[in-house]
Amino acid sequence: MAASGAVEPGPPGAAVAPSPALAPPPAPDHLFRPISAEDEEQQPTEIESLCMNCYCNGMTRLLLTKIPFFREIIVSSFSCEHCGWNNTEIQSAGRVQDQGVRYTLTVRAPEDMNREVVKTDSATTRIPELDFEIPAFSQKGALTTVEGLITRAISGLEQDQPARRANKDATAERIDEFIVKLKELKQVASPFTLIIDDPSGNSFVENPHAPQKDDSLVITHYNRTQHQKEMLGLQEEAPAEKPEEEDLRNEVLQFNTNCPECNAPAQTNMKLVQIPHFKEVIIMATNCENCGHRTNEVKSGGAVEPLGTRITLHITDPSDMTRDLLKVTKNPFTLGDSSNPCQKERLQEFSQKMDQIIEGNMKAHFIMDDPAGNSYLQNVYAPEDDPEMKVERYKRTFDQNEELGLNDMKTEGYEAGLASQR
């Protein structure tokens, strides 16, 4: 069963405020003073405003105060001397909190009925023992007590009872019975549970033992659901859309260049290829229709690695020769009248050894040393280690860095150097 709130006051009318030149604005520390009956300086601000019950002018009083061990709130009270109608509500002076809050109070003694309660518009109030609930946004926020919450609920239920009885509404009798049960709660004949669940995190139930722990009060903070965020009007910032990256792996790019042989206009094809278990490389090929010259080149798709790489492959099987390898079969220095017999013999011996290695009749070690760290030799056991291949990472020498142009390259602290030059 749910209870409804009283009629809300209309928008306040115009009020005459002191001149800013005569009354400087108070310091922020004095705007919200701790609530106290002994503070004579803490006086509400009065604003003449329209009564929506009789449409005569009434008076709205605003008080900016601070609840101990809680936060700042604004208490608003309206009263009309013409028709006697009045209304009181509170608003949080802060923002919506990062998490929602749920207060579960076990009321065991009459003293618990005097606990201060701040209930905002968005809070839901429940008493499980009676299956009673006041839904969120069905009442205006209030600064009251536990007893005041129950009294307010009783008033909301009694508000339309005369009309129900006049219409012989069957629910009038059941509501009367329920009101009796609510009134019995105020006597605390037996313990009951009061739950205030506020997704905004701005409701409050007093702990009279603060800062010590209250065994009768359980405070739970929780993350709001999407429905609760929508109910509070909160919208999550949409993640910034990342610009769509152009996938170059499945596309061959073409650009105009000049032939390195005849300098005629030519076209170079470029493709980005991902080598498994290695990195991206760029394959470039140039074809000149004028002289027929063709060239291709492989470049690393990334930066120079921090360490150099030395790959040592132990060739033990003909299958190892499926890995890329340069084979020498003819050499101009072994042919013609100018050939040296001794040199020719050594080159032929070298060529025969290469043939034996290629045919798998001779075991050998193939070493590829790249100071830039961007070379690659296929691992046929990938992603497992290759028992016949050894990959070493080493620190480059000064001469190797000089050859790569890294010694004069400054990538850190260059901003300070530019500032000093200015």
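All residue numbers refer to position in the chain's written sequence, counted from 1. Selection of residues for local features in this predicted model requires a pLDDT of at least 70, selection of side-chain atom pairs for listing and counting requires 80 or more, and totals for whole chains, interfaces and linings are taken over all residues. Heavy atoms from the whole structure form the basis of all side-chain values; hydrogens and water molecules are not counted.

In the annotation of an unreviewed UniProt entry, the entry for the protein reads Zinc finger protein 259, and the organism field reads Papio anubis. UniProt positions are given in the numbering used here, feature names are shortened, and annotations may be inferred rather than shown by experiment. Taken from UniProt, the Sequence similarities (unreviewed entry) comment for the protein reads in full: "Belongs to the ZPR1 family."

Visitor: Talk me through the environment of Pro 44; I want residue IDs and the actual numbers.
Guide: A run of DSSP states H or I qualifies as a helix once it reaches four residues; a run of E qualifies as a strand once it reaches two. Both are numbered from the N-terminal end. Note on placement: Pro 44 falls in the loop between β1 (33–34) and β2 (45–50). Here the term buried applies to any residue with accessible area under 20% of the maximum for its type, exposed to any over 50%, and partly exposed to those in between, with areas from a 1.4 Å probe on protein chains only. Here Pro 44 falls in the partly exposed class, since its relative accessible area comes to 36%. Considering only alpha carbons, one finds Pro 44 and Ser 77, 33 residues apart in sequence, at a separation of 9.6 Å. Those residues in contact with Pro 44 that sit more than four places away from it in its chain are Arg 61, Leu 62 and Leu 63. Pairs of residues are marked as contacts when any of their non-hydrogen atoms sit within 4.5 Å.

Visitor: A description of the sheet that holds strand β18 (residues 308–315) should follow, citing residues and the corresponding values.
Guide: Criterion used throughout: strands pair if DSSP finds at least two bridges between them. A sheet is described by the order of its strands in space; here three strands give the open sequence β19-β18-β20, paired in antiparallel fashion. The open sheet has two edge strands with one neighbour each: β19 (364–370) and β20 (389–394). Neighbour-to-neighbour, the strand axes of this sheet turn through a mean angle of 15 degrees, independent of strand direction. Here the axes come from fitting lines to C-alpha atoms, over the contacting stretch only for helices, and the angles between their N-to-C directions go from 0 to 180 degrees.

Visitor: Go over a negative patch on the surface with me, naming the residues and quoting the values.
Guide: Each patch is built from residues that are more than 30% exposed by relative accessible area and take part in no salt bridge. Like charges join if they lie within 9 Å; nonpolar side chains (Val, Leu, Ile, Met, Phe, Trp, Tyr) join within 5 Å. Using a 1.4 Å probe, the Shrake-Rupley method yields the accessible areas, and only the shown protein chains count as cover for residues. Criterion for a salt bridge: a side-chain nitrogen of Lys or Arg within 4 Å of a carboxyl oxygen of Asp or Glu. Asp and Glu count as negative and Lys and Arg as positive, but His and the ends of the chain are not part of the count. Every charge is mapped to an atom, namely NZ of Lys, CZ of Arg, CG of Asp or CD of Glu. There is a patch of like negative charges on the surface, built from Asp 399, Glu 402, Glu 403 and Asp 408. Along the chain, Glu 402 falls in helix α7 (residues 398–404). You can call Glu 402 partly exposed: its relative accessible area is 42%.

Visitor: Describe the pattern of salt bridges, naming the residues involved and giving the relevant values.
Guide: Applying the stated criterion across every chain, the model contains nine salt bridges. Salt-bridge contacts for Arg 115 lead to Asp 112; the nearest nitrogen and oxygen are separated by 3.2 Å. As far as burial versus exposure is concerned, Arg 115 and Asp 112 are alike and both buried. Here Arg 165 ties to Asp 176 by a salt bridge, and the two come within 2.8 Å at their closest N and O atoms.

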